[in-house]
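# Chains, contacts and geometry: an overview
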There are 2 protein chains.
Amino acid sequence: MLKVPEHQVAGHIASDGKLGPLVDDQGRFFKPLQGDSRGEHEAKFYESFTSNKKVPDHIHRYFPVYHGTQLVEASDGSGKLPHLVLDDVVSGYSNPSVMDVKIGSRTWYPDVSEEYFKKCIKKDRQTTTVSLGFRVSGFKIFDHQESSFWRAEKKLVLGYNADGARLALRKFVSSNSPADSNLTPNCAFASEVYGGSNGILAQLLELKDWFEIQTLYHFNSCSILMIYENESILMKEGDDAPAARAQVKLVDFAHVLDGNGVIDHNFLGGLCSFIKFIKDILQSVDKRDETDTSLLENGH
Amino acid sequence: MLKVPEHQVAGHIASDGKLGPLVDDQGRFFKPLQGDSRGEHEAKFYESFTSNKKVPDHIHRYFPVYHGTQLVEASDGSGKLPHLVLDDVVSGYSNPSVMDVKIGSRTWYPDVSEEYFKKCIKKDRQTTTVSLGFRVSGFKIFDHQESSFWRAEKKLVLGYNADGARLALRKFVSSNSPADSNLTPNCAFASEVYGGSNGILAQLLELKDWFEIQTLYHFNSCSILMIYENESILMKEGDDAPAARAQVKLVDFAHVLDGNGVIDHNFLGGLCSFIKFIKDILQSVDKRDETDTSLLENGH
């Protein structure tokens, strides 16, 4: 039985009879092949990438595992359609908080149609794509007080400026009520999710090392998904407790091109900018913790 | 006595009664303040940068030293005009080979006029700016056979694709006749100019480290100048011989903006792409040298 994914935060949503991805209860994600050859393009990328021996193993793990294509009943009732079959990257999490960040200072690329170019560059200039080299596309946080997910409103997310993006990245790792926009995000989970040897930052830096040398693919209009479980942090009582399992995954490959011997400077530049935002949050949290400690030490 | 600079390879040239930079015989470079406030903007950048304590000393050395502005007789005969007074970065070289590379995958930036945006993006798409994250703006090589400078034709340079740019970067460090486009560049100077602990690559990597963290300035439409002396390599007979003195300098700051806490991902991405091109050349030269050695060792 296929159903609408609960944890999708951006892209086409399969609700109200629209075409969108589906998931099963075995941890598989079914993504309908998009029209105008983009779907086939994405399938071809997965075929190429999956079997590409030049991609190191430690990089493969940042991509969803691909299981070919399959005809399945489409979410819009239009009958059986070809779908990409992928590992569902959030299966195995109880209440995953998820953020989708589209990387790059442009979403268009050489040789696109004028129409596509104009559509893309307009949105790139309206959002933080041009100014920051990335834009937040959507996110959701598990809210413990409410025991439910809080979703950022799409319209607000696409209207972020630099400060808005910075605030969203802080909010994403905070435990105080996400719904109350008057509260300053407390960044309670920042150290465990963004920091540490297995955290988001460490994973982003590993990706960055690869992007500095890889000339195989240009990842136009791709997103980084950040996923973690905040429940496990709150419940943690000892070293044996489950970790936040913070994970970075790259998704959306309908516009990937051959690198032709040139690095993906568009993705790399945006990734470096994004990394700096994450580093700044970690630094501000470290500074706060130091101040707290020194206050305690001084007997205040 | 001011005269037209002999070693300028891009930008406005002060010849035929046009307005352009001048040099004196004391190693000073006089750049007329450009109209529509760009000149004043560049002067303000130099004022800010020169006194900015947050810029490390080892980074300051990649920028021309600034000596304020001064009224001097303009090259176009229009009388005394304010000029930036800078150290002439090629003074002290006998026969410098020089290349100007404009860094970034766009030369426009947020909040420019539609007219300026359209003009820039058109040229960015026509050149390698979008595809490679940099474009060669011009270069000249000292040709020993001819005992004179060979200059790349501006029209050809602006028409480069990826292969053209790659070839230009090889030609720039070759000793065989630059004028003969049928000859494959021999990259005779690559190891000494691009490689080594003080070479171009080492300098670019030092700049890259800074660009990964600096959020002070966004260097829109800036160029990297590469300068070296090939004569000293050819004449070299011992460790005391003069070195190539390969140097990287950043120039052209009429479009620098405040970073406002965000890294210059546009410059950084382009710089990383440029670095990869230089690394690839060094690697191909190393490989060739290894092959040569193994041929010798095998008695061929």
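- As recorded by an unreviewed UniProt entry, chain A carries the name Inositol polyphosphate multikinase and is attributed to Arabidopsis thaliana x Arabidopsis arenosa.
- Regarding chain A, the relevant UniProt record gives this comment under Subcellular location (unreviewed entry): "Nucleus".

### Quick word on the domain arrangement of chain A
Residue and element names in this part refer to chain A.
- Partitioning chain A into domains gives domain 1 (22-87) and domain 2 (96-290).
- Of note, the centres of domain 1 and domain 2, computed from C-alpha atoms alone, are 22 Å apart.
- The interface of domain 1 with domain 2 comprises 19 residues on the first partner and 16 residues on the second.
- Here domain 1 packs against domain 2, burying approximately 1,600 Å² in sum over the two surfaces, 63% of which is carbon and sulfur.
- Among the residues domain 1 hides against domain 2, the three largest losses belong to F45, Y62 and F63. Together they make up 36% of the total.
- Across the contact surface, domain 1 and domain 2 share two salt bridges.
- In this structure, E206 engages R61 in a salt bridge whose closest nitrogen and oxygen atoms are separated by 3.0 Å.
- Taken together, domain 1 and domain 2 are joined by ten residue pairs in polar contact (both at pLDDT 80 or more).
- Broken down by secondary-structure element, the contributors of at least two residues to the side of domain 1 that touches domain 2 are α1 (38-50) and α2 (57-60).

### Looking at the relation of the copies chain B and chain A
- For the pair chain B and chain A, the relating rotation is 180°, the translation along its axis is 0.0 Å, and the fit reaches an RMSD of 0.0 Å. The two molecules are tied by a two-fold rotation axis, judged by turn and shift. For chain B, the smallest separation between a C-alpha atom and the rotation axis is recorded for G269 of chain B, amounting to 2.1 Å.
- Most of the interface of chain B is mirrored in chain A: 100% of its interface residues are interface residues there too.

### Comments concerning unusual backbone geometry
- Of note in the backbone geometry, D111 of chain A takes a positive phi value of approximately 75° without being a glycine.
- One non-glycine residue with positive phi stands out, namely S221 of chain B, at about 65°.
- Within the secondary structure layout, S221 of chain B lies in the loop between β8 (217-219) and β9 (223-229).
- Taking relative accessible area as the criterion, S221 of chain B reaches 8% and is therefore assigned buried.

### Observations regarding the interface of chain B and chain A
- Counting residues at the interface gives 32 residues for chain B, matched by 32 residues for chain A.
- Counting each side, the surface lost to burial between chain B and chain A is near 2,300 Å², with a carbon and sulfur contribution of 61%.
- On the chain B side of the contact with chain A, R125, H265 and K276 of chain B bury the most area, a combined 24% of that side's loss.
- When the shortest N-O distance is used, the salt bridge between E114 of chain B and R125 of chain A registers 3.2 Å.
- Counting across the chain B and chain A interface gives twelve residue pairs in polar contact (both at pLDDT 80 or more).
- In terms of residue count, helix α10 (residues 265-297) of chain B provides more of the side of chain B that touches chain A than any other element does, nine residues in total.
- Considered class by class, the residues forming the side of chain B that touches chain A number 13 nonpolar, eleven polar and eight charged.

### Details of helix α3 (residues 114-126) of chain B
All names here are of chain B.
- Taking 1.5 Å per residue as the helical rise, α3 with its 13 residues ought to reach 18 Å, and the 18 Å between its terminal C-alpha atoms agrees with that figure.
- Among all positions of α3, only Y116, F117, C120, I121 and D124 are buried. With its buried residues spanning 115° around the axis, α3 presents them on a single face. Exposed and facing more than 90 degrees away from the buried side of α3 are E115, K118, K119, K122 and Q126.

### Examining empty space enclosed by the protein
- All told, the structure shown has four cavities of 30 Å³ or more when counted by the stated rule.
- In this model, the largest cavity occupies a volume close to 70 Å³.
- Taken together, S105, R106, W108, I121, D124 and V130 of chain A together with S105, R106, W108, I121 and V130 of chain B make up the lining of the largest cavity.
- Residue composition of the lining of the largest cavity, grouped by class: six nonpolar, two polar and three charged.
- Here the second largest cavity is characterised by a volume of approximately 50 Å³.
- Where the lining of the second largest cavity is concerned, the elements lending two or more residues are α10 (265-297) of chain A together with α10 of chain B.
- The class makeup of the residues in the lining of the second largest cavity is no nonpolar, twelve polar and no charged.

The rules behind the values
- Residues numbered from 1 in each chain as written.
- Chains lettered and ligands numbered in written order.
- Predicted model: local features only at pLDDT ≥ 70, side-chain atom pairs only at ≥ 80, totals over all residues.
- Heavy atoms only, no water.
- UniProt positions renumbered as here; feature names shortened; annotations may be inferred.
- Domains from an automatic or database assignment.
- Contact = heavy atoms within 4.5 Å.
- Buried area = accessible area lost by both parts, 1.4 Å probe.
- Salt bridge = Lys/Arg side-chain N within 4 Å of Asp/Glu carboxyl O.
- Polar contact = N/O pair within 3.5 Å; in protein donor to acceptor, adjacent residues only side chain to side chain.
- Helix = DSSP H or I, 4+ residues; strand = E, 2+ residues; numbered from the N terminus.
- Least-squares fit on C-alpha atoms with pLDDT ≥ 70 in both.
- Buried < 20%, exposed > 50% of the residue type's maximum accessible area, 1.4 Å probe, protein only.
- Nonpolar A, V, L, I, M, F, W, Y, C, P; charged D, E, K, R; others polar.
- Expected span 1.5 Å × (residues − 1).
- Arc of directions from axis to C-beta.
- 1 Å grid on protein atoms, 1.4 Å probe; cavity = no way out; pocket = protein on both sides within 12 Å on 5 of 7 lines; lining within 4 Å.
- Points joined across faces, edges and corners; volume = space filled by probe spheres on them.

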